[in-house]
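Residue-level structure breakdown
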Amino acid sequence: LDSGAQYWDGTTDVTRTVHFGQPTAKQIECFTLVLKGHLALRYAVFPNTITGHQIDSWARSHLWQAGLDYKHGTGHGVGCFLNVH
């Protein structure tokens, strides 16, 4: 589920993953690898001068170790009137 909106004082972007039925072992593995990437970014400590491009590999590293990847950028900027969709 992906939803977002533009407001005068900010842009929202909310993404949620839901599954209907029993997930396969491969789906569980992929979800877990993406979650590990989220946690790697959540607990990373880095200088405020680092760019999103530079931390992208932290989000992808667990997927890469499993021979997987995704074909889009990781995240987007924060601010007003962003092009998030």
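Residues numbered from 1 in each chain as written. Predicted model: local features only at pLDDT ≥ 70, side-chain atom pairs only at ≥ 80, totals over all residues. Heavy atoms only, no water.

Turning our eyes to something else, we now look at the overall build of the protein chain. When helices and strands are counted, the protein chain shows two helices and two strands. The N-to-C order of helical and strand elements in the protein chain reads β-β-α-α. In the protein chain, which comprises 85 residues, the proportion classed as buried is 12%. Looking at the protein chain as shown, the accessible area adds up to about 7,000 Å², and 60% of this sits on carbon and sulfur atoms. (Helix = DSSP H or I, 4+ residues; strand = E, 2+ residues; numbered from the N terminus. Buried < 20%, exposed > 50% of the residue type's maximum accessible area, 1.4 Å probe, protein only. Areas by Shrake-Rupley, 256 points an atom, 1.4 Å probe, with all protein chains shown as cover.)

The final tally for this structure, using the stated rule, is three salt bridges. Between K26 and E29 there is a salt bridge, with the nearest N and O atoms lying 3.5 Å from each other. Pair noted here: K26 and E29 are both in helix α1 (residues 25-42), with a separation of three residues, about one helical turn. What makes K26 partly exposed here is its relative accessible area of 44%. Owing to a relative accessible area of 34%, E29 belongs among the partly exposed residues under this scheme. Measuring nitrogen to oxygen at the nearest pair gives 2.4 Å for the salt bridge that ties R60 to D56. Placement of both R60 and D56 in helix α2 (residues 52-65) is noted, with a separation of four residues, approximately one turn of the helix. (Salt bridge = Lys/Arg side-chain N within 4 Å of Asp/Glu carboxyl O.)

Averaged over the protein chain, the pLDDT score is 85; the fraction of residues at 70 or greater is 88%. Looking across the protein chain, the model is least confident in strand β2 (residues 10-15), with a mean pLDDT of 77, and most confident in α1, with 94. (pLDDT = per-residue confidence, 0-100.)

Looking along a regular strand, one sees side chains alternate from face to face of the sheet. Bridging between strand β1 (residues 2-7) and β2 involves six bridges; their strand directions are antiparallel. If you follow Y7 over to β2, its bridge partner there is G10. Taking the residues that link successive antiparallel strands as the turn, the β1-β2 hairpin has two residues. (Pairing = 2+ DSSP bridges.)

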